[in-house]
Each structure stands twice: as C-alpha cells, then as structure tokens.
Amino acid sequence: MTSCRRGPQGGIITGLIIVTVGVVLLLAQIGFLNMHAVWRFWPLAFVLVGIGKIFDATAVSQRIWGSMLAIIGFLLLAHYFGHFRYGIDQLWPLFVIAGGLAMLFQVYFPGVRATNLPPGGSLNGLYVFGGTERNVADRNFTGGRLFACFGGYDIDLRQAEIAGDTAVLEATAIFGGGEIKVPPHWNVVSEGVGIFGGYQDSTRHAAPAGVAPKTFVVRGAAVFGGVEIKN
C-alpha cells in the first residue's frame, strides 16, 4: 500500500492546485471576480506544476524543467498584470530551451538519474513540440516517467509484465496529450490531476480467470491537455 501513495510534497502541491482553482472559480461564480479577471491567472497552472516537479524531482533534469515552468508562469503572470512586456507569443521558445536543458542534464548526469529510478525495466521520455508511439514488451516493467509539452505520447504496454505486484508511472501532459494502453489484468490506480484538462481512467477492471492482478499506479497532471489510460 505504501508504494502506491504520493510523497508528502506531491500531495501538498496537488491539494494546492485543486484548492486554488476551486477558490478562484467560486469567487467568480458568486460575483467577487469576473471571468475576464479570472482568466488572467491561468499562468498559475505553470507555476504550481513547476513547483510540484521541483519538490517531487528525483533527478537534476526534473528540477531544471520544474524551475523553468515556474519561471515562465511568473513571467506570464507579470505580463497579464502589466508588469512585463512580453507574453506567450514572445516567450514560447523558453519551452524549447527548457526541454533542451533537461535533456542535456539527463545526458551529463546519468548517475543522478539512474540512482533514483526503480530497479528493472523502466519507461522514460521527455517530449517538447513532438511525440512518440512506443510498444513496450518489457517482462520486468517497473514504471517510469513521461512528460509532454506541446506534444504527446502513445504508449502500448499490453505485451508488458509488471515486476512484482506494483508499477508506478508518472505521466504528465501540458498543452498536449497522452494515451496509455494496459493489459486487462492490470488494476489501474489513477492519481492524476486535470487542470483545465482531463485525466481519465477508461479501463475495465476485470482480470481474466486464473491471472493474478497487478497494480499499475499512474500519477501526474494534465494541464490544458489530456491523459487517458485504457485496456
């Protein structure tokens, strides 16, 4: 049971995101804020997701990416409130820079990355303005991390087998999407959060007779995008 739970930092960030969005929408509904004013706060999604990745990071590249997301969010907030000249039309190349920096740190700090990944097979990918389609047939699958920004991923795990009883996959999509296909005997536990997007578990939880169920935990966030798990 312990392996299926978020760390305390991840739970705090997720709670802050939900509470913040709920409070702002409530204030808009009861007339204390107008929707035009509320929309100016949308860059907070980048800030909160970025801070969450910094706290949950287990590799230098993840901290770099989280920091860049938070910085971009703060700059966009400053722009919408008239304190910074440039908006998303001028700042979007920062996403490319952030993705490149994260990939460079993955290359030059492999020891940091490897010591924090679970043992056995793992699935890891970072996609910025691009995507991937992958068929995974790992018989010792333990999980991994997927991140897409202005891109997406289509992952087929139907030929894979979980090492042990549980595997954990962190799957996040910002202005993008992801689709994850799993075998019918995997019991999916979706802990993802949708922020102006959707995080959907479309699986049917009916394991074939005589097959021991495996637990597949999926965590992450869908911000202005969507992630779907299905079998």
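Up top is the structure.
Calculation rules
Residues numbered from 1 in each chain as written. Predicted model: local features only at pLDDT ≥ 70, side-chain atom pairs only at ≥ 80, totals over all residues. Heavy atoms only, no water. Core = buried A, V, L, I, M, F, W, Y, C linked by side-chain atoms within 4.5 Å. Buried < 20%, exposed > 50% of the residue type's maximum accessible area, 1.4 Å probe, protein only. Helix = DSSP H or I, 4+ residues; strand = E, 2+ residues; numbered from the N terminus. Pairing = 2+ DSSP bridges. Axes fitted to C-alpha atoms, helices over the stretch in contact; angles between N-to-C directions.

(A) Layout of the nonpolar core. One finds F141, Y153, L157, I180, V182, W186 and F216 to be the most contacted residues of the largest nonpolar core, which totals 25 residues. Those elements that provide at least two residues to this core are strand 1 (121-128), strand 3 (141-149), strand 4 (152-156), strand 5 (166-174), strand 7 (186-190), strand 10 (214-219) and strand 12 (226-230). Of the residues forming this core, the biggest block, 4 residues, is contributed by strand 5. W42, V49, W65 and I174 belong to the second largest nonpolar core, which has 19 residues in total.

(B) Molecular detail of the sheet that holds strand 9 (residues 198-201). Read from one edge of the open sheet, 5 strands run 2-4-6-12-9, paired in parallel fashion. Both outer strands of the open sheet, strand 2 (131-135) and strand 9, are each paired with one neighbouring strand and no more. The mean inter-strand angle of the sheet, taken between neighbouring strand axes irrespective of direction, is 5°. Across 5 bridges, strand 2 lies against strand 4 in parallel orientation. Counterpart to T132 in the pairing with strand 4 is Y153.

The quantities given are spatial measurements derived from coordinates; they are silent on function.
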